[in-house]
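# A look at the structure
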Amino acid sequence: MTSFSEQQHTRAPLADDLKVLIIGAGVGGMGTALALAQHGIKTTVFETASQLGEVGAGINLCPNLARVLDRFGVLDQAKSEAVPLEGAIIIRSKTDETLSSVNFDDIARDYKYPFYTVHRAALQRAIVGGCKATGLVDLQLGKSIAEVDFENTRIRVKPSKQPEAEGEWIQGDVILAADGVKSVTRSLMLKVHGEDDHVVDTGQAAYRIMLTRDQLKHDPELLSLVENKISHRWIGEKRHIIAYPIANNTIFNMSTAHPDRNFADAPSSAYTTRGSKTQMLDTYGDFCPRVQKLLNLVPEGEVCEWKLRVHHPLNTWVEKNVALIGDACHPTLPHLAQGAAQAIEDAAVLGLVFSKLTSKADIHRGLLVYQHARKSRAEDCVAQAAENGRGLHIGDGEAQEARDRAFKESAATGGANPDKAVDKGTQKILYSHDCVQNAIDKWAELWELAGKE
């Protein structure tokens, strides 16, 4: 079997004759544009925002994500300000007691890439830069999608700032929708099948906090957190805080999860809100003094809270010549650090699929190949992330005591770790997977399966 590295720059047979429309310019959408550009395929990407800003916070650039970025030729840029983590510490939130420590030295050895942490903006810049360098990606900013015509493979596009505008219909050969957890395309696709689009309220929300080295330098205990290359994972009843350095150890990134109090009565469209520092401190009031010192450093007015929502597994990601990507079809909780990685795996497999098609008549079948190659893995990651959150959030009692004993035993014996994000067995499943080579190896089987639908 020919390896992907030998094929990655081959020009697609349909490269000169394929009109690809991509909805959404996030990691999944631009990643897909870059994957297709590797094979000479031009794309037009429509993005609601008027500019691609420096948004987001820290993100994990784990080996299965790094592997794809390396093939895309943008890993060096993505990791230029990254921190290669050396390990993780799981900590009892109230007492600051270390329950387990995990060394990450084996990750680079076993999977060829270290476990990096980066700012999401750095990842996005690398992917967008890669797209621009190809000259094959037409990025249309400030454009909203009002309607998708599945029968005729076209979308009605209008200026985002003119909601009353009629807009214009844009014709394509294929439409790839990476329009996120609030996906308009998914909602319309489900409507075709007589299904309602219900995003699942997880009952959880998150603060995303970034503290600079200058904010921490007055306290040696806190300064060591940003200077070391360790992920600190404070866990408590119904809450946790995952924290690690990013941006060449100049920023300490903190991502929390806790019961939703601010969004419960909000409309379904509300996913973020300006948070209250007082309420944030109250939410984590029983966490250890070290955490209290960190949270007290957050400036008033800079507390932002995100509602965490997912979606039940879809029956299909594909309708005619339209397919969903990333959070549009498998939005996930962040408790396994695989959201961006799974979106990029989607993109890479789509790149492979369209590098092989020789006839436009096979586009729908090719999209089904993509679905068969990706759906079960992505949905397994979503399920494992939810399960991991439940395990981390166990309240005081016998179950918590048993879990904490398992943490300590894993540290002593190297056995299974209750925190699946740092568990060696789970990491092997996640990080050893080569999504493109897997699709190549199974191509005949996947192609035959797709032909039966």
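Up top is the structure.
Description of the structure in this document. (Residues numbered from 1 in each chain as written. Predicted model: local features only at pLDDT ≥ 70, side-chain atom pairs only at ≥ 80, totals over all residues. Heavy atoms only, no water.)

## Observations concerning the overall build of the protein chain
The test is simple: Counting from the N terminus, the helices are the DSSP runs of H or I reaching at least four residues and the strands are the DSSP runs of E reaching at least two. The globule rule used for comparison is 2.2 Å times the number of residues to the exponent 0.38, while the radius of gyration itself is calculated over C-alpha atoms. For each residue, the accessible area found with a 1.4 Å probe, counting protein chains only, is set against the maximum for its type, and the residue is called buried under 20%, exposed over 50%, and partly exposed in between. Note on definitions: a residue-residue contact is assigned when non-hydrogen atoms from the two residues lie within 4.5 Å. With residues, only the protein chains shown are counted as cover, and all accessible areas are computed by Shrake-Rupley using a 1.4 Å probe. Neither His nor the chain ends contribute to the count of charged residues, in which Lys and Arg are positive and Asp and Glu negative. Charged side chains are reduced to one point each, which is NZ for Lys, CZ for Arg, CG for Asp and CD for Glu.
A count of helices and strands for the protein chain gives 16 helices and 20 strands. Taken over C-alpha atoms, the radius of gyration comes to 22 Å for the protein chain, in line with the 22 Å a tight globule of 453 residues would show. Dimensions of the protein chain, computed from C-alpha atoms along their principal axes, come out at roughly 60 × 55 × 40 Å. Counting all 453 residues of the protein chain, 55% fall into the buried class. Restricting the contact set of the protein chain to residue pairs at least 6 apart, pairs at least 24 apart contribute 74%. About 18800 Å² of surface is accessible on the protein chain, with carbon and sulfur atoms providing 47% of the total. Seen as two clouds, the 51 positive and the 59 negative side-chain charges of the protein chain have centres 2 Å apart.

## Quick notes on the nonpolar core
Heads up, the condition is: Only buried residues count toward a nonpolar core. Its members are Ala, Val, Leu, Ile, Met, Phe, Trp, Tyr and Cys residues joined through side-chain atoms within 4.5 Å.
Counting 109 residues, the largest nonpolar core has Ile155, Leu176 and Phe354 as the members making the most contacts within it. It is helix H12 (residues 363-392) that contributes the most residues to this core, 10 residues altogether. Contacts of leucine 176, omitting those with residues within four sequence positions, involve Val20, Leu21, Ile22, Ile23, Thr32, Leu36, Ala323, Ile325, Leu350 and Leu367.

## Considering the packing of aromatic side chains
For the record, the criterion: Stacked, edge-to-face and tilted are the three classes for Phe, Tyr and Trp ring pairs, Trp counted by its six-membered ring, which pair at centre distances within 6.5 Å; planes under 30 degrees apart are stacked, over 60 edge-to-face, the rest tilted. Charges are assigned to positions over rings by a cutoff of 6 Å between ring centre and Lys NZ or Arg CZ, combined with an angular limit of 35 degrees from the ring normal.
If you walk through the whole model with that rule in mind, you get 6 aromatic pairs. With a centroid separation of 6.2 Å and an interplanar angle of 65°, the aromatic rings of phenylalanine 115 and tyrosine 431 are classed as edge-to-face. Within this pair, whereas phenylalanine 115 is found in the loop between helix H4 (105-111) and strand E7 (116-119), its partner tyrosine 431 is found in helix H14 (residues 424-431), the two being separated by 316 residues in sequence. Pair check on accessibility: phenylalanine 115 and tyrosine 431 agree, each one buried. Seen in terms of ring centroids, tryptophan 443 and tryptophan 447 are 5.8 Å apart; in terms of plane orientation they differ by 15°. Their pairing is stacked. Of this pair, tryptophan 443 and tryptophan 447 both sit in helix H16 (residues 443-451), 4 residues apart, which is roughly one turn of that helix. A connected cluster of aromatic rings, assembled from ring pairs, spans Phe104, Tyr111, Phe115 and Tyr431. The ring of tryptophan 306 carries arginine 208 above its face, with NZ or CZ at 5.5 Å from the centroid. The ring of tryptophan 443 has lysine 356 lying over it, and the distance from NZ or CZ to the ring centre is 5.1 Å.

## A short note on the sheet that holds E7
What holds strands together in a sheet is hydrogen bonding between their backbones, with the strands either parallel or antiparallel. Rule in force here: Strand pairing follows a simple DSSP-based rule, namely that at least 2 bridges must link the two strands. Working convention: axes come from line fits to C-alpha atoms, limited for helices to the stretch in contact. Angles between N-to-C directions cover 0 to 180 degrees.
Overall, antiparallel pairing links the 3 strands, which are arranged E3-E7-E4 in an open sheet. At either margin of the open sheet sits one strand with a lone partner, and together these are strand E3 (58-61) and strand E4 (83-84). Here E3 pairs with E7 via 4 bridges, running antiparallel. Each residue of the ladder has a partner; that of glycine 58, found in E7, is histidine 119. The strands touched by helix H5 (residues 120-134) within the sheet are E3 and E7, with E7 carrying the most contacts at an inclination of about 85°.

## Quick look at the environment of arginine 309
By secondary structure assignment, the location of arginine 309 is in strand E18 (residues 304-311). In this structure the C-alpha to C-alpha distance between arginine 309 and threonine 332, which are 23 residues apart in sequence, comes to 7.6 Å.

## Some words on the sheet that holds strand E15 (residues 239-246)
Pairing within the open sheet is mixed, and its 8 strands lie in the order E6-E5-E14-E15-E16-E13-E18-E17. In this open sheet, the two edge strands, each paired with only one partner strand, are strand E6 (98-103) and strand E17 (272-274). Going from strand to strand, the sheet's axes swing by 20° on average, the running direction of each strand aside. Strand direction decides the pairing type here: E17 and E18, joined by 3 bridges, are antiparallel. For threonine 272, the partnering residue across the bridge sits in E18 and is tryptophan 306.

## Examining unusual backbone geometry
One non-glycine residue, threonine 153, adopts positive backbone phi at about 55°. With respect to the helices, strands and loops of the structure, threonine 153 is situated in the loop between strand E9 (143-149) and strand E10 (154-159). Residue classification places threonine 153 among the buried residues on the basis of a relative accessible area of 9%. Phi is positive for asparagine 249, close to 60°, though the residue is something other than glycine. On the basis of relative accessible area, asparagine 249 is assigned to the buried category, the value being 16%.

## A few points about the pattern of salt bridges
Convention followed: Definition used for salt bridges: Asp or Glu carboxyl oxygen within 4 Å of a side-chain nitrogen of Lys or Arg.
Inspection of the entire model under this criterion finds 30 salt bridges. One salt bridge connects aspartate 17 with lysine 360, and the closest N-O pair in it is separated by 3.6 Å. Note that aspartate 17 is positioned in the segment before strand E1 (20-23) and lysine 360 in the loop between helix H11 (339-356) and H12, a separation of 343 residues in sequence. By relative accessible area, lysine 360 is classed as partly exposed at 32%. When the shortest N-O distance is used, the salt bridge between lysine 408 and glutamate 97 registers 2.8 Å. Of this pair, lysine 408 sits in helix H13 (residues 398-413) while glutamate 97 sits in the loop between strand E5 (87-92) and E6, placing them 311 residues apart in sequence. Overall, glutamate 97 belongs to the partly exposed group, its relative accessible area being 33%. Counted as one network, the salt bridges with shared partners bring together Arg92, Lys94, Asp396, Arg403 and Asp404.

## A word on the packing of helix H1 (residues 27-37) against H5
So the rule is basically this: Should the near helix be turned anticlockwise from the far one by less than a right angle, the crossing is termed left-handed; should it be turned clockwise, right-handed.
Where H1 meets H5, the closest approach of the two axes is 9 Å, and the angle between their N-to-C directions is 30°. The handedness of the crossing between H1 and H5 is left-handed. Facing H1, whose interface residues are Val27, Met30, Gly31, Ala33, Leu34 and Ala37, H5 presents Arg120, Leu123, Gln124, Ile127, Val128, Gly130, Cys131 and Thr134.

## Section: H16
Note the following rule: Here the arc refers to the directions that run from the helix axis out to each C-beta atom.
Where H16 is concerned, the buried positions are Trp443, Leu446 and Ala450. For H16, the arc enclosing every buried residue in end-on projection is 70°, short of the 170-degree limit, so these residues lie on one face. Along H16, exposed side chains directed more than 90 degrees from the buried face belong to Ala444 and Glu445. Check the buried side of H16 and you find it contacts H11, H12 and helix H15 (435-441).

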